[in-house]
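Letter by letter, the chains look like this.
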Amino acid sequence: MRIVILGAGALGVYFGVRWIELGSDVTFLVREKRAAQIRENGLKINSTQGDYEIKNPQVATEPSEIESADLVLVSVKGYHLDGTLAHLKALTNKGAYVLPVLNGIEHISVLQEELGKEKVIGGLSFIFASLNDKGHVEQSGDMHHLIFGPLESSQQGICRRLEEFSRDAGFISKYSDNISLELWKKYMFITALSGVTTAANLPIGAIREHAETFHIAKMILREMQSLAAAYGAEIPDQEVESAIQNVHALDPEATSSMHKDRRKGLRLEVDHLQGGAVRLAENTGLEVPYIRAVLGLIKPFERE
Ligand SMILES: NC(=O)C1=CN([C@@H]2O[C@H](COP(=O)(O)OP(=O)(O)OC[C@H]3O[C@@H](n4cnc5c(N)ncnc54)[C@H](OP(=O)(O)O)[C@@H]3O)[C@@H](O)[C@H]2O)C=CC1
Ligand SMILES: CC(C)(CO)C(=O)C(=O)O
């Protein structure tokens, strides 16, 4: 399988390098500055699940440099999605399917409208990863999951191929036959976790110590459950409980990628995540006061 990674950040490099480790044909489609950094430092993942380094990965800065691809893993932040659409169009015209792994949900319809429903597979990831100063990945904790599945029945073939192909990869891959529900479950979880850690500017351990603060996370989970239901994804109560248990199980120093970005003074994905939830709620007349409140608290740090 020929794979293009569009968004050579923490997630894109992690999964791209793991596929290379497997012996696959992977090209990183990047912007000039990142291309220069990769040429100088190569790509490396420093991981609890095993390190791996590649000195001269295949890098392109234009889709015209790529003959064809089977799959494009889209791993940019929500605020950069618009800037990738022309590249994605060029690659889907050459036959590629697109597998976005962004947190959130609004990007799915943007991609579907731009590329056609047939081309956009559902995907998400559970991993704690970030880039260091050299542009190498630092992955922590046990999670390094890539979950994907067809949003259209015609995509079953490519998804089964991806499942087969990734079986021996150095990450956990999972085919889901209800990827829409998985997307909403992840959106529920991350809206609560990123909302509360970024707004409080605290890792999860400190949040859990204060019942009033943890309560906010629980209320966001409930609001997201209602929002998902309004869009046809019924998240059972037991899944909300298990999300709470998962938050309890996290290392006290663990935190969301959005909170890590706030600590580094980087741009935040708040409009895509909490902002998106508020927009979707407004469309259905649903009230989401806790999400609206954390959106307001995080906005001053967004760095648009
Ligand atoms: N990090 C994590 O632990 C997790 C993140 N996620 C989600 O995954 C998504 C990606 O996150 P993450 O990997 O952390 O993000 P990063 O910021 O680490 O990486 C995003 C990359 O996208 C690149 N990019 C942006 N625009 C373009 C473009 N037009 N062409 C080529 N490359 C481009 C950026 O490159 P440049 O250097 O040029 O700016 C950057 O390297 C987000 O939606 C996030 O919420 C989900 C689970 C866990
Ligand atoms: C849920 C979590 C924390 C890990 O996948 C995440 O998605 C993020 O930090 O953005």
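Bear in mind the structure is a predicted one, so any value in this text is a computation, not a measurement.

Trainee: What am I meant to see in the environment of Ser-166 here?
Mentor: As for its position among the elements, Ser-166 is in helix H5 (residues 156–166). Separated by 148 residues in sequence, Ser-166 and Arg-18 place their C-alpha atoms 9.4 Å apart. Setting aside residues no more than four positions away along its own chain, Ser-166 makes contact with Trp-19, Phe-171 and Ser-173. Polar side-chain contacts of Ser-166 include one of 3.1 Å to the side chain of Trp-19.

Trainee: Whenever I open this one, the UniProt feature "domain: Ketopantoate reductase N-terminal" (unreviewed entry) in the chain confuses me. Can you help?
Mentor: According to UniProt, the feature "domain: Ketopantoate reductase N-terminal" (unreviewed entry) maps to residues 3–152 in the numbering used here. The distance from the first to the last C-alpha atom of residues 3–152 is 21 Å, and the span holds 27% helix and 34% strand.

Trainee: Quick question: what am I supposed to make of helix H6 (residues 179–200) here?
Mentor: Since the α-helix advances by 3.6 residues per turn, residues separated by three or four positions end up pointing in the same direction. Its 22 residues give H6 an end-to-end C-alpha distance of 31 Å, which sits within 8% of 32 Å, the value for a rise of 1.5 Å per residue. H6 sits mainly inside the fold: 19 of its 22 residues count as buried. Where H6 terminates, the next one or two residues include Asn-201, which has phi positive at roughly 55°.

Trainee: Help me understand the site of ligand 1 in this model?
Mentor: Within the structure, ligand 1 sits among 26 residues, and Leu-11, Arg-31, Asn-103, Ala-129 and Glu-269 are positioned closest to it. Contact distances for ligand 1 include 3.1 Å between an oxygen atom and a side-chain N or O atom of Lys-77. One nitrogen or oxygen atom from the main chain of Ala-129 is found 2.8 Å from a nitrogen atom belonging to ligand 1. When isolated, ligand 1 has an accessible area of 900 Å², and the protein chains bury 86% of it. Broken down by element, the shell around ligand 1 gets its largest block of residues, four residues, from strand E8 (residues 122–131). Classifying every residue of the shell around ligand 1 gives twelve nonpolar, nine polar and five charged. Of the domains in this structure, domain 1 (2–177) and domain 2 (181–301) are the two that each give at least three residues to the shell around ligand 1.

Trainee: Just to check I follow, could you spell out the domain arrangement of the chain for this structure?
Mentor: By a frequent convention, interface size equals the accessible area lost on bringing the separate parts together. Under the domain assignment, the chain is made up of domain 1 (2–177) and domain 2 (181–301). For domain 1 and domain 2, the distance between their C-alpha centroids amounts to 24 Å. Counting from both sides, the interface comprises 22 residues of domain 1 and, opposite them, 21 residues of domain 2. Around 2000 Å² of area is buried between domain 1 and domain 2 when both sides are counted, 61% of it from carbon and sulfur atoms. The tally of links between domain 1 and domain 2 comes to two salt bridges. Residues Arg-279 and Glu-106 are paired through a salt bridge, measuring 2.7 Å at the closest nitrogen-oxygen approach. At the junction of domain 1 with domain 2, the criterion picks out seven residue pairs in polar contact (both at pLDDT 80 or more). Sorting the residues of the side of domain 1 that touches domain 2 by element identifies helix H4 (106–115) and E8 as the ones contributing at least two each. Here the side of domain 1 that touches domain 2 takes nine residues from E8, the largest share from any one element.

Trainee: How do you make sense of the site of ligand 2 when you look at a structure like this?
Mentor: Contacts to ligand 2 come from Asn-103, Ser-125, Phe-126, Ile-127, Phe-128, Lys-186, Phe-189, Ile-190, Leu-193, Ser-256 and Ser-257. Contact distances for ligand 2 include 3.1 Å between an oxygen atom and a side-chain N or O atom of Asn-103. A distance of 3.0 Å is found between an oxygen atom of ligand 2 and a backbone nitrogen or oxygen belonging to Ile-127. Out of a free accessible area of 280 Å², ligand 2 has 95% covered by protein chains. By residue class, the composition of the shell around ligand 2 is six nonpolar, four polar and one charged.

Trainee: Help me understand the pattern of salt bridges, please; the structure alone is not making it clear to me.
Mentor: For side chains of opposite charge, pairing can occur when their charged atoms come near one another. Summed over the entire model, instances satisfying the criterion amount to 15 salt bridges. Where Lys-185 meets Glu-182, a salt bridge forms, and the shortest distance between an N and an O atom there is 3.4 Å. Here Lys-185 and its partner Glu-182 are both found in helix H6, three residues apart, which amounts to about one turn of the helix. Within this structure, Arg-2, Asp-70 and Arg-161 form a network of salt bridges that share partners.

What counts, and where the lines are drawn
- Each chain has its residues counted from 1, following the order in which its sequence is written.
- Naming scheme: in the order in which they are written, chains are lettered from A and ligands are numbered from 1.
- Per-residue local features of the predicted model are confined to residues with pLDDT of at least 70, and side-chain atom pairs are confined, for both listing and counting, to 80 or more; whole-chain, interface and lining totals are unaffected and use all residues.
- To obtain the side-chain values, all non-hydrogen atoms of the structure were included, while hydrogens and water were left out.
- Here a helix means four or more residues in a row that DSSP labels H or I, a strand means two or more in a row labelled E, and each is numbered from the N terminus.
- Whether two residues touch is decided by their heavy atoms; if any such pair falls within 4.5 Å, the residues are in contact.
- Polar contacts, as used here, are pairs of N or O atoms within 3.5 Å; protein pairs need one atom able to donate a hydrogen and one able to accept it. Residues neighboring in sequence count only if both atoms are side-chain atoms.
- UniProt positions are given in the numbering used here, feature names are shortened, and annotations may be inferred rather than shown by experiment.
- For a helix, the expected span equals 1.5 Å multiplied by the residue count minus one.
- For the exposure calls, accessible area comes from a 1.4 Å probe over protein chains only, and a residue counts as buried if that area is under 20% of its type's maximum, exposed if over 50%, partly exposed in between.
- Residues are labelled near a given molecule or strand when at least one of their non-hydrogen atoms is within 4 Å of it.
- What sets the accessible areas is the Shrake-Rupley method with a 1.4 Å probe; for residues, cover comes only from the shown protein chains.
- Residues are sorted three ways: Asp, Glu, Lys and Arg are charged, Ala, Val, Leu, Ile, Met, Phe, Trp, Tyr, Cys and Pro are nonpolar, and all the rest, Gly among them, are polar.
- Domain delimitation in this document rests on an assignment produced automatically or drawn from a domain database.
- Buried area adds together the accessible area that both of two parts lose upon being put together, with accessible area traced by a 1.4 Å probe.
- By definition here, a salt bridge exists when the distance from a side-chain nitrogen of Lys or Arg to a carboxyl oxygen of Asp or Glu is within 4 Å.

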